[in-house]
Amino acid sequence: MEPFILFGTFTFLLLIGTPVAFCLGAASLATVLYMGLPPVIVFQRLNSGVSVFALMAIPFFIFAGELMVRGDIARRLVALAGAVVGHLRGGLGQVNISASVLFGGISGSAAADATAIGGLMIPQMKKKGYSVEYGVNITVMSSIIALMLPPSHNMIIYSISAGGRLSIADLFTAGILPGLLLATTLMTTAWFVAKRAGYPTESFPGWSALGGLLLNAIPGLLLIGIIFGGVRSGVFTASESSCIAAVYALLVTTLAYRTMHWPEFVAATKAAVRTTAMVLLVIGCAASFGWLLAFLKIPAELVAFMKGVSENPLIILLMINIVLLFLGTFMDMSPLIVITTPIFLPVATAFGVDPVHFGVILVLNLGIGLCTPPVGTVLFVGCAVGKISVWDAIRTIWPFYGAAIFTLGLVTYIPALSLWLPSLFH
């Protein structure tokens, strides 16, 4: 009966529009009360869930990303991407995706990517004769590349949800090749769609202009090297690198680019505080929820059930992916990582899947969910920037969904895409 109370309360509150954090907390409290356990357990688990030192990295990475968004970094990266790939078919679409790769390595946030890159690219694409749906589709789908690249705070959340035993440096490294693969499949899809629609290309500005744009973008791009190089080399931890990233982002935007002024700084700080509070509350409440899952032995029961269905790891991964894609249509990414990791990670590892590999699968899968209605946060952001309805975007986004699902399949069934690069550092 306890699992029904836990999941039933959570589902009911979610359906009536209760914020996810309160759904998790209330479901945990209701289950504990039914079991006759002291209610204080819920609050103790909530407190222990947020009292993890590695979580210190999240607010600083979020703050660094907000500073970069408001510090005019995106415009410089878009200009650089335009010079490199603008001459390809569907030029501005290719620029949009390439800029998302560069900006994603700085912000680590899909929503920030869609806002910053989409705000710059979609109006330009409309002026050059591209359909606004095409611009929104590319903006939305390419924004999830940011989730795969350092400093993705979702990788940090996964590491903590997995018990804190996984190396954040390994997770950062593991996401790089899948992220670049996703960019490649999206660019290929954009090329075919643009060719069929007859969209134009951009002229190559010349090598000297390209060099100037690269020099102009280097101060921002160096943040990628600082974060990844520092963590991967062991010079500093992920938490320390997040602090360095925030300080560096502030220095670049105020001293190098001189684009950060007091109003922008205040706005960036408020946005970072709001996002951090939301993420940490979800993590804390989900810690209580996860403890009850373990206490009730739900993961072990799920492993036994799936073994009864099939002993083939390929089938098991397919089932997990289908469930996660479904869940991603109506729940946001951070709470889903915290909820589903304690459930599905033991199942995956029981069938021989490496935990780092599974983390990449999980983040990419749930990233696709951010672009899927009815609760696709990034889809809503892209449609708001492009000023079109979700229905208008959905009617034409299917080729890009297909590219993302194809990438997910490759990442799921070719572990080397995730594990080869981390293995070079061991």
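Cut-offs used in this document
Residues numbered from 1 in each chain as written. Predicted model: local features only at pLDDT ≥ 70, side-chain atom pairs only at ≥ 80, totals over all residues. Heavy atoms only, no water. UniProt positions renumbered as here; feature names shortened; annotations may be inferred. Helix = DSSP H or I, 4+ residues; strand = E, 2+ residues; numbered from the N terminus. Rg over C-alpha atoms; globule rule 2.2 N^0.38 Å. Buried < 20%, exposed > 50% of the residue type's maximum accessible area, 1.4 Å probe, protein only. Contact = heavy atoms within 4.5 Å. Areas by Shrake-Rupley, 256 points an atom, 1.4 Å probe, with all protein chains shown as cover. Lys, Arg positive; Asp, Glu negative; His and termini not counted. Charge placed at Lys NZ, Arg CZ, Asp CG, Glu CD. Patch = residues over 30% accessible without salt bridge, like charges linked within 9 Å, V, L, I, M, F, W, Y side chains within 5 Å. Salt bridge = Lys/Arg side-chain N within 4 Å of Asp/Glu carboxyl O.

Per an unreviewed UniProt entry, the protein chain carries the name TRAP transporter large permease protein and comes from Roseibium porphyridii. Taken verbatim from the UniProt record of the protein chain, the Sequence similarities (unreviewed entry) comment is "Belongs to the TRAP transporter large permease family." Check the Subcellular location (unreviewed entry) section of the UniProt entry for the protein chain; it says "Cell inner membrane".

All right, on to the overall build of the protein chain then. The secondary structure content of the protein chain amounts to 22 helices and zero strands. Here the protein chain has a C-alpha radius of gyration of 21 Å; the compact-globule value for 426 residues is 22 Å, and the two agree. Along the three orthogonal principal directions, the C-alpha set of the protein chain runs to about 70 × 45 × 45 Å. The buried share among the 426 residues of the protein chain stands at 54%. Counting only contacts in the protein chain whose residues sit at least 6 apart along the sequence, the fraction spanning at least 24 positions is 79%. As displayed, the protein chain offers around 17,100 Å² of accessible surface, 71% of which is attributable to carbon and sulfur atoms. Looking at the protein chain, you have 19 positive and 14 negative side-chain charges, and the mean spots of the two groups are 9 Å apart.

Along the chain, the position of Ser98 falls in helix α6 (residues 91-107). Classification of Ser98 as buried rests on a relative accessible area of 13%. When near neighbours in sequence (up to four residues on either side) are disregarded, Ser98 contacts Ala81, Val85 and Met187.

This part covers a nonpolar patch on the surface. Among the surface-exposed residues, Leu314, Leu318, Ile322, Tyr413 and Ile414 lie close enough to one another that they form a single nonpolar patch of about 440 Å² accessible area. With three residues, the top contributor of residues to the nonpolar patch is helix α16 (residues 313-327). Considering the arrangement of structural elements, one finds Leu318 in helix α16.

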